[in-house]
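Each chain, written out:
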Amino acid sequence: MSKTDIKSMTLNELRESFNEIGLQRFRAEQVYSWLHKNGVYSFEEMTNISKDMRSMLDEKFEIYNCTIEKKLVSEYDNTVKYLFKLNDGEFIESVLMKYKYGYTICVSTQVGCKMGCAFCASTLGGYCRNLKASEILSQIHAAQRDCDIRISHIVLMGMGEPLDNYEQVMRFLELVTDDKGLNISMRHISLSTCGLVPKIYDLLDKHLQLTLSVSLHAPNDEIRNKIMPVNKRWNVNELLTACREYTKRTSRRISFEYAMISGVNDTDECAKELAAKLKGMLCHVNLIPANEVSENDFSRSTKKRVEAFASILQKRGITTTVRRSLGSDINASCGQLRRSHKAEKEG
């Protein structure tokens, strides 16, 4: 008989489950605290519970964890990149970054990715499966335990498309913001999508106070079709219509991610077209020097070109920032560590 994923259960679900097996209500609260506040790896770590009860829980439930397979630390800025091994032997990546306000973790939501963006390393190893809410949570627990820190901000921008794993991501958000768990503010969470338009409408109906980041990367269909297959299903105008509705309904500013790829999407004309498309929207544009991946021919735009692009947007009233590159010496963009580790094992 398969065991139940206990860390993906809400406190109410855990109370109901414990009631069914004859355990008192307060026991559910004890176990929930161990799982979510302490991030324990096993029932044996739950020291205020009897040995018999721990054995019973171990028979009925499974704790899904992330264990560190490989860890890289940047010599430049102490950014930490993790390759985590899951219970079933699959691998995912997370990146821990330190800012003035505290620690941010970029977590994965899928093993691999099926979106096929031409410039992205995550898609090269193929898609395997969705992550459970517990496995997304465990990336935070593992990093906190390893570095003996508290993480205050979360970015769902690692491997995978969060809105393609909608149900488990929504459950993760419910659990990670619970004041009886990690209690991370929804306002400190960013969710990144490449543009699954129906799911954006589902998300706006929830009125969550998270930051929605949209991986736009092009101002028109001609360019975006070439680098992002998702655009052939929901084009730029459909995506931006959904984004405008999102900002109106939630009063939350959208962040548009724009990877600057030399000779592809970084011309003055692209900047002017982008500014015109975003005019009047509650948004800002985050320009990202593209991560260079050996398997494709894309190269990042020069610093001068990025600055010129940013200047055009700013002069046309679009709030624009240029993302600071963290962990550049450890290939901190998601997908590269998993792929190289897989190649090492197969080679």
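Calculation criteria
Residues numbered from 1 in each chain as written. Predicted model: local features only at pLDDT ≥ 70, side-chain atom pairs only at ≥ 80, totals over all residues. Heavy atoms only, no water. Helix = DSSP H or I, 4+ residues; strand = E, 2+ residues; numbered from the N terminus. Contact = heavy atoms within 4.5 Å. Buried < 20%, exposed > 50% of the residue type's maximum accessible area, 1.4 Å probe, protein only. Arc of directions from axis to C-beta. Pairing = 2+ DSSP bridges. Axes fitted to C-alpha atoms, helices over the stretch in contact; angles between N-to-C directions. Salt bridge = Lys/Arg side-chain N within 4 Å of Asp/Glu carboxyl O.

Asks: Now, about the environment of leucine 173: what can you tell me, with residues and values included?
Replies: Position of leucine 173 among the secondary structure elements: in helix α5 (residues 166-176). The spacing of leucine 173 and isoleucine 184 is 11 residues in sequence and 9.3 Å in space, taken between C-alpha atoms. Not counting chain neighbours up to four residues away, the residues in contact with leucine 173 comprise Leu156, Met186, Ile189, Leu208 and Leu210.

Asks: Would you mind going over helix α9 (residues 268-278) in detail, with residue names and values included?
Replies: Listing the buried residues of α9 in full gives Cys270, Ala271, Leu274, Ala275 and Leu278. With its buried residues spanning 135° around the axis, α9 presents them on a single face. Those residues of α9 that are exposed and angled more than 90 degrees off the buried face are Glu269 and Ala276. Buried residues along α9 sit against α7 (221-227), α8 (236-250), β12 (254-260), β13 (283-289) and α10 (303-315). Within two residues after α9, glycine 280 carries a phi angle of roughly 85°, on the positive side.

Asks: Can you break down the environment of isoleucine 154 residue by residue, with the values?
Replies: Mapped onto the elements, isoleucine 154 comes out in strand β9 (residues 151-156). On the basis of relative accessible area, isoleucine 154 is assigned to the buried category, the value being 1%. Leaving out residues up to four positions away in the same chain, isoleucine 154 has contacts with Ile105, Val107, Ile140, Phe172, Val176, Ile184, His188, Ile189 and Ser190.

Asks: Break down the pairing of strand β6 (residues 102-106) for me, citing the residues and quoting the values.
Replies: Counting buried residues in β6 gives 4 out of 5 residues, a clear majority hidden from the surface. Bridge count between strand β5 (residues 91-99) and β6: 5 bridges; the pairing is antiparallel. The partner of tyrosine 99 across the bridge, within β6, is glycine 102. As consecutive antiparallel partners, β5 and β6 are separated by 2 residues. In this sheet, β9 lies alongside β6 in parallel orientation, the contact comprising 4 bridges. Across the sheet, the residue bridging to tyrosine 103 is isoleucine 151, located in β9.

Asks: Account for the sheet that holds β12, naming residues and giving values.
Replies: One open sheet holds the 10 strands; their spatial order is β3-β4-β5-β6-β9-β10-β11-β12-β13-β14, and the pairing between them is mixed. Each edge of the sheet is formed by a strand with only one pairing partner; in this case those strands are β3 (66-73) and β14 (320-322). Strand after strand, the sheet turns through a mean of 25° between neighbouring axes, direction not considered. With 3 bridges connecting them, strand β11 (residues 211-215) and β12 associate as parallel partners. Counted as the bridge partner of serine 213 is serine 255 from β12.

Asks: So what's going on with the pattern of salt bridges? Which residues, and what values?
Replies: With the rule as written, the count across this model stands at 17 salt bridges. Its salt-bridge partner being glutamate 44, residue arginine 54 comes within 3.6 Å of it at the nearest N-O pair. Of the two residues, arginine 54 sits in helix α3 (residues 51-60) while glutamate 44 sits in the loop between α2 (25-36) and α3, which places them 10 residues apart along the sequence. Relative accessible area serves as the criterion here: at 13%, arginine 54 is assigned to the buried category. Given the relative accessible area of 48%, glutamate 44 is considered partly exposed. Among the salt bridges present, the one from glutamate 257 reaches arginine 323, with a minimum N-O distance of 2.6 Å.

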